[in-house]
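Now for the letters of each chain:
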2 protein chains.
Amino acid sequence: MLHIFVDPSQMQGDLLHVSGGDVNHIKNVLRLKPGDEISVRTGQDEREYRYGIEAFTDSEVICRLRFVKEADVELPVKVYLFQGLPKADKMDLIVQKAVELGAAQIIPVQMRRSIVKLDGAKKAKRTQRWQTIAEAAAKQSRRAVVPLVREPMSMEEAVRFAVQNTETRLLPYELQEEDGSTRELMEGIREGSSLSIFIGPEGGFEPGEVEMAREAGILPISLGRRILRTETAAMVVLSWLIYRFETGLA
Amino acid sequence: MLHIFVDPSQMQGDLLHVSGGDVNHIKNVLRLKPGDEISVRTGQDEREYRYGIEAFTDSEVICRLRFVKEADVELPVKVYLFQGLPKADKMDLIVQKAVELGAAQIIPVQMRRSIVKLDGAKKAKRTQRWQTIAEAAAKQSRRAVVPLVREPMSMEEAVRFAVQNTETRLLPYELQEEDGSTRELMEGIREGSSLSIFIGPEGGFEPGEVEMAREAGILPISLGRRILRTETAAMVVLSWLIYRFETGLA
């Protein structure tokens, strides 16, 4: 079944007016017909709306609501990923995978060892690009909400944001030995709570950054015995949350 | 410190003869000097050898053994990844990430919904390419051994191989609801044992393949509530093993 995101303003009573690129996709690529069902989300809550196609106009597909499904596909922990800006296209992969694995927000962070520096205009353009990738990944993985990609922050801003907005705050650090605290911190995360994850760029964190984070209550954890690339680290922590909260009986 | 892989034949008594591309890297890129230390592995066992540079010839770097370190960087479960052949370059990413996260062997599998079909000559060439990626990823992530990438098998061969060689055999399947069995199966994996993981290609498994696997004792598991891309699935299971075996106190 086709899954699309629409703006709530396109929904009027029981009718939905699909416009833009989705029209061509429905009419000419998938060649859907009146009566066919599509799955619709607004990306603003977890609901899935099922509509039946009713009619076609030149620029719109008119659909009628069949039913609304309260979804349960979101990770039960709200994860804010603070990702040290990596080189080149790596951030594209990170955004795609973080969305697939359930992150709630992605915040690129200009860290000391980030090679890429984004100025004003580039910042906005790149953020827009990542947001588009996040939307595509949300659609593909059947997320109920589209995660927000924020404009890059400095490390200081990121630490402040994490402290103000999240209850648990973790920072995978390759020099952290596992002394039992990683497992303990993971097991302490409660369903329904919020979590910040700080990931260093290719060159890792500078010790001063780890120190600053630790003083603000952002605690180092170990991701196992091998050296992970920057784009792999967030996937590991998100996978751990899936294991903790989406396996086993509720 | 520089980490390189050598063939055991390059080690003679206490001396090591470094040749090939590493020579230029040592002399002209890193500009190492006599007395500098390098880290050496053969990729055939978990040992790390530390050598001091002794002298340079035109084509070799001669080094003297300082000490041998018994390493403990390998995942304590031997993971065989049976990956349904994906499109284009996706297998490159899968090999890189699986090696980073600790897989022991990678076996591409020609599944029914695999779009790519590899014939004799191409099979060997691709396998060689993936093996090269595995070696680079092993070096980067400081693995003690270089995982083997086997030539693609058919699904039937893969099932037989898994049954003969591994104690636990799992198959992530998007139609599998988590009824508690995923967590139970994961917790049943013992340290020091061997595990097969079967991952479908982009289009997923055909129901007949899942049935054949199940009859052979390869059990379906759920990877959470969202739809994962083929290249993400193996990373999730490997991350779970890291959580189980490399966090917490031994």
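Conventions and cut-offs
- Residues numbered from 1 in each chain as written.
- Chains lettered and ligands numbered in written order.
- Predicted model: local features only at pLDDT ≥ 70, side-chain atom pairs only at ≥ 80, totals over all residues.
- Heavy atoms only, no water.
- Pairing = 2+ DSSP bridges.
- Helix = DSSP H or I, 4+ residues; strand = E, 2+ residues; numbered from the N terminus.
- Contact = heavy atoms within 4.5 Å.
- Axes fitted to C-alpha atoms, helices over the stretch in contact; angles between N-to-C directions.
- Least-squares fit on C-alpha atoms with pLDDT ≥ 70 in both.
- Polar contact = N/O pair within 3.5 Å; in protein donor to acceptor, adjacent residues only side chain to side chain.
- Core = buried A, V, L, I, M, F, W, Y, C linked by side-chain atoms within 4.5 Å.
- Buried < 20%, exposed > 50% of the residue type's maximum accessible area, 1.4 Å probe, protein only.
- Buried area = accessible area lost by both parts, 1.4 Å probe.
- Salt bridge = Lys/Arg side-chain N within 4 Å of Asp/Glu carboxyl O.
- Domains from an automatic or database assignment.
- Parallel < 35°, antiparallel > 145°, perpendicular 65-115°, else oblique.
- Right-handed = clockwise from strand over helix to strand, strands pointing away.
- Phe/Tyr/Trp six-rings, centres within 6.5 Å; stacked < 30°, edge-to-face > 60°.
- Lys NZ or Arg CZ within 6 Å of the ring centre and 35° of its normal.

A. The sheet that holds strand β3 (residues 15-18) of chain A, seen in detail. Residues and elements named next belong to chain A. The six strands are arranged β1-β4-β5-β6-β3-β2 in an open sheet whose pairing can be described as mixed. Both outer strands of the open sheet, β1 (2-5) and β2 (11-12), are each paired with one neighbouring strand and no more. Bridge count between β1 and strand β4 (residues 37-41): four bridges; the pairing is parallel. Counted as the bridge partner of phenylalanine 5 is arginine 41 from β4. Each of β1, β3, β5 (47-56) and β6 (61-70) touches helix α1 (residues 21-29); the most contacted strand, β1, lies at about 165° to it.

B. Local environment of the relation of the copies chain B and chain A. Note on the copies: chain B fits chain A at an RMSD of 0.2 Å, the axial shift is 0.1 Å, and the rotation between them is 180°. Both copies are brought into coincidence by an operation consistent with a two-fold rotation axis. A share of 100% of interface residues in chain B that are also interface residues in chain A marks the association as one of identical surfaces.

C. Structural view of the side chain of glutamate 74 of chain A. With respect to the secondary-structure elements, glutamate 74 of chain A resides in the loop between β6 and β7 (78-84). Polar side-chain contacts of glutamate 74 of chain A include one of 3.0 Å to the backbone nitrogen of alanine 144 of chain A. Apart from the residues within four sequence positions on either side, glutamate 74 of chain A is in contact with Glu46, Arg143, Ala144, Val145 and Glu246 of chain A together with Arg225 and Arg226 of chain B.

D. Local environment of the nonpolar core. By size, the foremost hydrophobic cluster in this structure holds 83 residues, and its most contacted members are Val95 and Leu241 of chain A together with Leu241 of chain B. The contact partners of leucine 241 of chain A, leaving out residues within four places of it in the chain, are Leu75, Val79, Met186, Ile189, Leu195 and Glu246 of chain A.

E. Spatial organisation of the interface of chain B and chain A. Across the boundary between the two partners, chain B contributes 45 residues, which contact 45 residues of chain A. Of all residues in chain B, the largest losses of buried area upon contact with chain A belong to Arg225, Arg226 and Tyr243 of chain B, amounting jointly to 23% of the total for that side. At the junction of chain B with chain A, the criterion picks out eight salt bridges. Among the salt bridges present, the one from arginine 229 of chain B reaches glutamate 100 of chain A, with a minimum N-O distance of 4.0 Å.

F. Fine view of the domain arrangement of chain A. Residue and element names in this part refer to chain A. For chain A, the assigned domains are domain 1 (2-70) and domain 2 (78-246). Each of domain 1 and domain 2 was reduced to a C-alpha centroid, and the two centroids are 33 Å apart. In this assembly, nine residues from domain 1 lie in contact with eight residues from domain 2. Across the interface of domain 1 and domain 2, roughly 710 Å² is buried in total on both sides, 61% from carbon and sulfur atoms. Broken down residue by residue, the surface that domain 1 buries against domain 2 is led by His3, Phe5 and Arg41, which jointly contribute 69%. In this assembly, domain 1 and domain 2 are joined by zero salt bridges. Put simply, domain 1 and domain 2 have two residue pairs in polar contact (both at pLDDT 80 or more) between them. At three residues, the largest contribution of residues to the side of domain 1 that touches domain 2 is made by β1.

G. Representation of the packing of helix α2 (residues 90-100) of chain A against helix α7 (residues 230-246) of chain A in the model. All names here are of chain A. Two numbers describe how α2 lies on α7: the axes approach to 9 Å, and their chain directions differ by 5°. Classified by the angle their axes make, α2 and α7 are roughly parallel. Along the contact surface, α2 presents Lys90, Leu93, Ile94, Lys97 and Ala98, while α7 presents Thr230, Glu231, Met235 and Leu238.

H. Up close: the pairing of strand β8 (residues 105-110) of chain B. All names here are of chain B. Judged by how many residues are buried, β8 sits mostly within the fold: five of six residues are covered. A crossover connection joins strand β7 (residues 78-84) to the parallel β8 through helix α2 (residues 90-100); in handedness this β-α-β unit is right-handed. Two strands pair when backbone bridges link them, and β8 and strand β10 (residues 153-154) are joined in this way by two bridges, in the parallel orientation. Its bridge partner lying in β10, valine 109 is registered against methionine 153.

I. Spotlight on the packing of aromatic side chains. According to the stated counting rule, one finds 11 aromatic pairs over all chains in the structure shown. Ring geometry for tyrosine 243 of chain A and tryptophan 240 of chain B: centres 5.1 Å apart, planes at 45°, overall tilted. Of this pair, tyrosine 243 of chain A sits in helix α7 while tryptophan 240 of chain B is found in helix α7 (residues 230-246), placing the two residues in two different chains. We classify tyrosine 243 of chain A as buried; its relative accessible area is 4%. What links up through ring pairs into an aromatic cluster is the set Tyr80, Phe82, Phe161 and Phe198 of chain A. The lysine or arginine in question, arginine 183 of chain A, covers the ring of tyrosine 243 of chain B, its NZ or CZ lying 4.9 Å from the ring centre.

J. Broad picture of the sheet that holds strand β6 (residues 61-70) of chain B. Residues and elements named next belong to chain B. One open sheet accounts for six strands, arranged β1-β4-β5-β6-β3-β2; its pairing is mixed. Two strands close off the open sheet at either side, each with one partner strand: β1 (2-5) and β2 (11-12). Each of β1, β3 (15-18), β5 (47-56) and β6 touches helix α1 (residues 21-29); the most contacted strand, β1, lies at about 165° to it.

K. Representation of the pattern of salt bridges within the structure. Considering all chains together, one arrives at 34 salt bridges over all chains under this definition. A salt bridge links glutamate 156 of chain A to arginine 112 of chain A; its shortest N-O distance comes to 3.5 Å. Here glutamate 156 of chain A, found in helix α4 (residues 155-165), pairs with arginine 112 of chain A, found in the loop between β8 (105-110) and α3 (120-140); they are 44 residues apart in sequence, far enough to count as distant. Owing to a relative accessible area of 37%, glutamate 156 of chain A belongs among the partly exposed residues under this scheme. On the basis of relative accessibility, which here comes to 41%, the residue arginine 112 of chain A falls in the partly exposed class. We note a salt bridge from glutamate 37 of chain B to arginine 50 of chain B, for which the minimum N-O separation is 3.0 Å. Taken as a pair, glutamate 37 of chain B in strand β4 (residues 37-41) and arginine 50 of chain B in strand β5 lie far apart in primary sequence, 13 residues in all.

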